Amino acid sequence: MTAAASIRVNGREEPLAAGSVAELLAGRGIAEDARGVAVALNGAVLPRRRWTGTALTPGDSLEIVRPIQGG
Amino acid sequence: MTDTIGNDTLAIAGRDFGSRLFLGTAGYPNQQVMLDALAASGTELATMAIRRISLDGYAESLVDVLNGALGGRVGLLPNTAGCLTAKEAVLTAQLAREALDTPWIKLEVIGDRELLYPDVEELLRATEELVNDGFVVLPYCNDDPVTCRKLADLGAAAVMPLGAFIGSGLGIRNPHAIETICARSPVPVVLDAGIGTASDAARAMELGCSAVLLNTAVSKARDPVRMAAAMRDAVAAGRGAFTAGRMPMRAFAEPSSPQLGLIGG
């Protein structure tokens, strides 16, 4: 693995620094019991119970979403 | 709502609604006005969107705000607004289910970002996929009886034809099409999009719609809370008129007063 190893988080490229999805979320202030948050890893929903056990690898693409005002 | 005639609840996918008004949560002057409008409308179902979280800071959850202020009386209907393909819409719906713990989805798949007009092919594909995945699918669709029937055949829990372009406030541009859809639909018809003022909402109900979904007509009214109450009354009045059955129209006058006993004869 090179120093340039990176992942995409909500469309933004960033260095891969976290070991697991839970760790990445925690670094952004999102606890595992945060309400209303959902995550997709490489185009598929990653259920909350699997945040801790799911490792991140270079090239992964994460979407982190939540409900907002809408019509 | 129980009116003077009796119970008139709306059932969609086994869930009963006393109010036939569904309300959006976007575009209000501020959060308190939104909450007051939701309360004044009497709605039991509020729509919301699913979007990427801001990575700069974690804000208060809209779900907590709604549940806190309205005591869980209002159900949540996430949407797939902005999705251009079935693939995007299906993933958005699955994320919404994970985030909100609800299988209900207002399915929007648009084919034109300016007109926000539905893409029927993608909409049908997404409906089929989501129904097979256990969702309660409420598709926003064209005011087209054939598309509405196809959606119902695929297992949509309701169909939600547009009255006019989203956010236009132009009212119901093709009332005959909406009336035809209502007369033929095996599932509830929810008029979605185009409502501009209370008379539009009443008209939708008079045409036979089971419910009305609106947002901008309330959020962009000069006084959103007052308009929310007006919409509540309009939907109830229109529903009352529909169930009462209107008088036949006539081309010429028909006196209401008796013609016998006129003086001066």
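Located above this text is the structure these notes cover.
Note that the structure is predicted; figures quoted are calculated from it, not measured. (Residues numbered from 1 in each chain as written. Chains lettered and ligands numbered in written order. Predicted model: local features only at pLDDT ≥ 70, side-chain atom pairs only at ≥ 80, totals over all residues. Heavy atoms only, no water.)

## Focus on unusual backbone geometry
Residues other than glycine predominantly adopt negative phi, and peptide bonds predominantly adopt the trans conformation. Residues and elements named next belong to chain B. Despite not being glycine, Leu116 has its phi angle at roughly 55°, a positive value. Take Leu116: it is sitting in the loop between β7 (110–112) and β8 (117–118). One non-glycine residue, Ala193, lies in positive phi territory at about 85°. Its place among the elements puts Ala193 in the loop between β11 (190–192) and α7 (198–206). (Helix = DSSP H or I, 4+ residues; strand = E, 2+ residues; numbered from the N terminus.)

## Thoughts on the interface of chain A and chain B
Listed as interface residues are 28 residues of chain A and, on the opposing side, 31 residues of chain B. Each partner contributes to the roughly 2,500 Å² buried at the junction of chain A and chain B, and carbon and sulfur atoms together form 59% of this total. For the interface between chain A and chain B, the tally reads 2 salt bridges. The tally of links between chain A and chain B comes to 13 residue pairs in polar contact (both at pLDDT 80 or more). Within the residue set of the side of chain A that touches chain B, elements represented by two or more residues are β3 (38–41), β4 (44–45) and β5 (61–69) of chain A. At 7 residues, β5 of chain A tops the list of elements feeding residues into the side of chain A that touches chain B. A class-by-class count of the residues in the side of chain A that touches chain B yields 15 nonpolar, 8 polar and 5 charged. Two strands pair when backbone bridges link them, and β5 of chain A and strand β4 (residues 45–52) of chain B are joined in this way by 5 bridges, in the antiparallel orientation. Among the inter-strand pairings, Ile68 of chain A is bridged to a residue of β4 of chain B, identified as Ala49 of chain B. (Contact = heavy atoms within 4.5 Å. Buried area = accessible area lost by both parts, 1.4 Å probe. Salt bridge = Lys/Arg side-chain N within 4 Å of Asp/Glu carboxyl O. Polar contact = N/O pair within 3.5 Å; in protein donor to acceptor, adjacent residues only side chain to side chain. Nonpolar A, V, L, I, M, F, W, Y, C, P; charged D, E, K, R; others polar. Pairing = 2+ DSSP bridges.)

## Topic: helix α1 (residues 31–41) of chain B
By the burial criterion, the buried members of α1 of chain B are Val33, Met34, Leu35, Ala37, Leu38, Ala40 and Ser41 of chain B. On its buried face, α1 of chain B sits against β5 of chain A together with β3 (21–24), β4, α2 (62–70), α8 (216–219) and α9 (224–244) of chain B. The residue sitting at the N-terminus of α1 of chain B and contributing the capping side-chain oxygen is Asn30 of chain B; that oxygen lies 3.0 Å from the backbone nitrogen of Gln32 of chain B. Two residues or fewer past α1 of chain B, Gly42 of chain B is found with a positive phi of approximately 75°. (Buried < 20%, exposed > 50% of the residue type's maximum accessible area, 1.4 Å probe, protein only.)

## Considerations on the packing of aromatic side chains
All names here are of chain B. This structure, assessed with the given rule, holds 3 aromatic pairs over all chains. Summarising the aromatic geometry, the rings of Phe17 and Trp104 are spaced 5.9 Å apart at their centres and angled 70° between planes, so their arrangement reads as edge-to-face. Of the two residues, Phe17 sits in strand β2 (residues 15–17) while Trp104 sits in strand β6 (residues 104–107), which places them 87 residues apart along the sequence. For Trp104, a relative accessible area of 6% corresponds to the buried category. Sitting above the plane of the Trp104 ring, Arg15 keeps its charged end 5.1 Å from the centroid. (Phe/Tyr/Trp six-rings, centres within 6.5 Å; stacked < 30°, edge-to-face > 60°. Lys NZ or Arg CZ within 6 Å of the ring centre and 35° of its normal.)

## Some points on the packing of α1 of chain B against α2 of chain B
Residues and elements named next belong to chain B. Orientation of α1 relative to α2, taken along the N-to-C sense of each, is 50°, at an axis distance of 11 Å. The pairing of α1 with α2 is recorded here as oblique in orientation. Where α1 crosses over α2, the handedness of that crossing is right-handed. Contacts from Gln31, Met34, Leu35, Leu38 and Ala39 of α1 reach α2 at Leu62, Val65, Leu66, Ala69 and Leu70. For the contact of α1 with α2, the residue count by class is 9 nonpolar, 1 polar and no charged. (Axes fitted to C-alpha atoms, helices over the stretch in contact; angles between N-to-C directions. Parallel < 35°, antiparallel > 145°, perpendicular 65-115°, else oblique. Left-handed = near helix turned anticlockwise from the far one by under 90°.)

## Structural notes on the nonpolar core
Membership of the largest hydrophobic core comes to 73 residues, with the highest contact counts inside it found for Leu66, Val212, Leu214, Val218 and Met231 of chain B. No other element matches helix α3 (residues 86–100) of chain B, which puts 9 residues into this core. Counting 19 residues, the second largest nonpolar core, distinct from the first, contains Ala22, Ile30 and Leu56 of chain A together with Ile53 of chain B. (Core = buried A, V, L, I, M, F, W, Y, C linked by side-chain atoms within 4.5 Å.)

## Describing the pattern of salt bridges
Throughout the structure, instances matching the rule amount to 14 salt bridges over all chains. Between Arg52 of chain B and Glu63 of chain A there is a salt bridge, and its shortest N-O distance comes to 2.7 Å. Of this pair, Arg52 of chain B sits in strand β4 while Glu63 of chain A is found in strand β5, placing the two residues in two different chains. Judged by relative accessible area, which is 44%, Arg52 of chain B ranks as partly exposed. One salt bridge connects Glu254 of chain B with Arg250 of chain B, and the closest N-O pair in it is separated by 3.2 Å. Salt bridges sharing common partners tie together Asp8, Arg20 and Arg239 of chain B.

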